[in-house]
Amino acid sequence: MFKSIFILYVVCFGCYLVFTRQPDYFDGEKTPAVIHWLKDSISGMKIPQAVYNDGKKQYSIDARYFLHNFSEGEPVTVIYESGTPEKAAVYRFWGYWITWGELIATVLIYIALFQVAVSVTKNPTAEALIEQMEFKPEKKRKYMD
């Protein structure tokens, strides 16, 4: 039972990941970018930003990802939609495909639904047990006439 639930979880989470990425994986364009440590306009701190060019204009996006440190001049790939090139993302497995928030939320939902299923089936009533013990499957013919 645990294997089938886990397989269902992986399939559903995989479909969710493929079809909910922004910018869209299927319509997005990938282009090379370079990491530069630039001053943030809001906080005034230096942060890693991916600087890329779409052929017309140069853009820079925030490249901070949890548990990943970029160095100055590091080459990366950026994915963006041609209609909104300023809304890009660094194309990496961790950060584009999987984020902490989604991973934690899906694991918590998985655990909660599993606990609901266990609590519902854990203590059946006496009538349900008697009905289950008295059940005799009727014989069915292999082929209908």
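Located above this text is the structure these notes cover.
Thresholds, definitions, all that
Going along each chain's sequence as written, the residues are numbered from 1 onward. Only residues with pLDDT of at least 70 are given local features in this predicted model, and only at 80 or more are side-chain atom pairs given and counted; all residues enter the totals for whole chains, interfaces and linings. Values reported for side chains reflect all heavy atoms of the structure, with hydrogen atoms and water molecules removed beforehand. Secondary structure is summarised from DSSP: a helix means a run of H or I of at least four residues, a strand means a run of E of at least two, and numbering begins at the N terminus for each. With the radius of gyration taken over C-alpha atoms, the globule rule is written as 2.2 Å times the number of residues to the power 0.38. Burial status follows relative accessibility: with a 1.4 Å probe on protein chains alone, a residue under 20% of its type maximum counts as buried, one over 50% as exposed, and anything between as partly exposed. The contact criterion used throughout is that any non-hydrogen atoms of two residues lie within 4.5 Å. Surface exposure here means Shrake-Rupley accessible area, sampled with a 1.4 Å probe, where a residue is shielded only by the protein chains that are shown. The positive count covers Lys and Arg only, the negative count covers Asp and Glu only, and His and the chain ends enter neither. Note that the charge is assigned to NZ on lysines, CZ on arginines, CG on aspartates and CD on glutamates. Each aromatic pair joins two rings of Phe, Tyr and Trp (for Trp, the six-membered one) with centres within 6.5 Å, and gets the label stacked for planes under 30 degrees apart, edge-to-face for over 60, and tilted for any other angle. In this analysis an axis means a line fitted to C-alpha atoms, helices contributing only their contacting stretch, and an angle means the value between N-to-C directions, from 0 to 180 degrees. In a left-handed crossing the near helix is turned counterclockwise from the far helix by less than a right angle, and in a right-handed crossing that turn is clockwise. Think of it as three bins: nonpolar holds Ala, Val, Leu, Ile, Met, Phe, Trp, Tyr, Cys and Pro, charged holds Asp, Glu, Lys and Arg, and polar takes everything else, Gly as well. In what follows, a disulfide is any cysteine sulfur pair within 2.5 Å. Counted as salt bridges are all cases of a side-chain nitrogen of Lys or Arg within 4 Å of a carboxyl oxygen of Asp or Glu. Take the buried Ala, Val, Leu, Ile, Met, Phe, Trp, Tyr and Cys residues and link them wherever side-chain atoms come within 4.5 Å; each set so joined is a nonpolar core.

Q: Can you break down the overall build of the protein residue by residue, with the values?
A: The helix and strand inventory of the protein stands at four helices and five strands. In the protein, the succession of α and β elements from N to C terminus is α-β-β-β-β-β-α-α-α. The C-alpha atoms of the protein give 26 Å as radius of gyration, which overshoots the globular expectation for 145 residues (15 Å, by more than 25%). Taken across its 145 residues, the protein has 26% of its residues classed as buried. Considering only intrachain contacts with a sequence separation of at least 6, the fraction spanning at least 24 residues in the protein is 54%. Carbon and sulfur atoms make up 63% of the accessible area of the protein, which totals about 11300 Å². Charged side chains of the protein number 16 positive and 16 negative; the gap between the two group centres comes to 5 Å.

Q: If you had to explain the packing of aromatic side chains to someone new, which residues and values would you point to?
A: Under the defined criterion, the tally for this structure stands at 14 aromatic pairs. Summarising the aromatic geometry, the rings of Phe-66 and Trp-100 are spaced 5.5 Å apart at their centres and angled 75° between planes, so their arrangement reads as edge-to-face. Here Trp-100 lies in helix α3 (residues 100–122) and Phe-66 lies in the loop between β3 (58–62) and β4 (75–81), a separation of 34 residues in the sequence. Looking at Phe-66, the relative accessible area reads 53%, which means it is exposed. Both rings, one in Tyr-91 and one in Tyr-96, keep their centres 5.4 Å apart while their planes meet at 55°; by these two values the pair is tilted. Owing to a relative accessible area of 24%, Tyr-91 belongs among the partly exposed residues under this scheme. Ring pairs connect the aromatic residues Phe-19, Tyr-25, Phe-26, Tyr-91, Tyr-96 and Trp-97, which therefore count as one cluster.

Q: Quick one: what's the story with the packing of helix α1 (residues 2–20) against α3, residue by residue and with numbers?
A: Where α1 contacts α3, the two axes come as close as 12 Å, and the packing angle between them is 145°. Once α1 is placed against α3, the crossing between them reads as right-handed. Counted together, Phe-2, Ile-5, Phe-6, Tyr-9, Phe-13, Tyr-16 and Leu-17 of α1 and Glu-102, Leu-103, Thr-106, Val-107, Tyr-110 and Phe-114 of α3 form the full contact between these two elements. Tallied by class, residues from the contact of α1 with α3 come to 11 nonpolar, one polar and one charged.

Q: Can you lay out the state of the cysteines for me, pointing to particular residues and giving the numbers?
A: Overall, the coordinates contain zero disulfides when judged by the stated rule. Cysteine Cys-15 is unpaired, with the sulfur of Cys-12 as its nearest cysteine sulfur at 6.7 Å.

Q: How would you summarise the pattern of salt bridges if you had to cite specific residues and measurements?
A: Applying the stated rule across the entire model yields three salt bridges. Measuring nitrogen to oxygen at the nearest pair gives 2.9 Å for the salt bridge that ties Asp-62 to Arg-64. Assessed through its relative accessible area of 38%, Asp-62 is described here as partly exposed.

Q: Talk me through the nonpolar core; I want residue IDs and the actual numbers.
A: Counting 21 residues, the largest nonpolar core has Ala-50, Tyr-52, Ile-61, Phe-70, Val-76, Val-78 and Val-90 as its most contacted members. Among the secondary structure elements, those contributing two or more residues to this core are α1, β1 (29–39), β2 (46–53), β3, β4, β5 (84–90) and α2 (93–97). Counting residues per element, this core draws most heavily on β4, which supplies four residues. Setting aside residues up to four positions removed in sequence, Val-78 forms contacts with Glu-29, Lys-30, Thr-31, Ala-33, Ala-50, Tyr-52, Ile-61, Ala-88, Ala-89 and Tyr-91.

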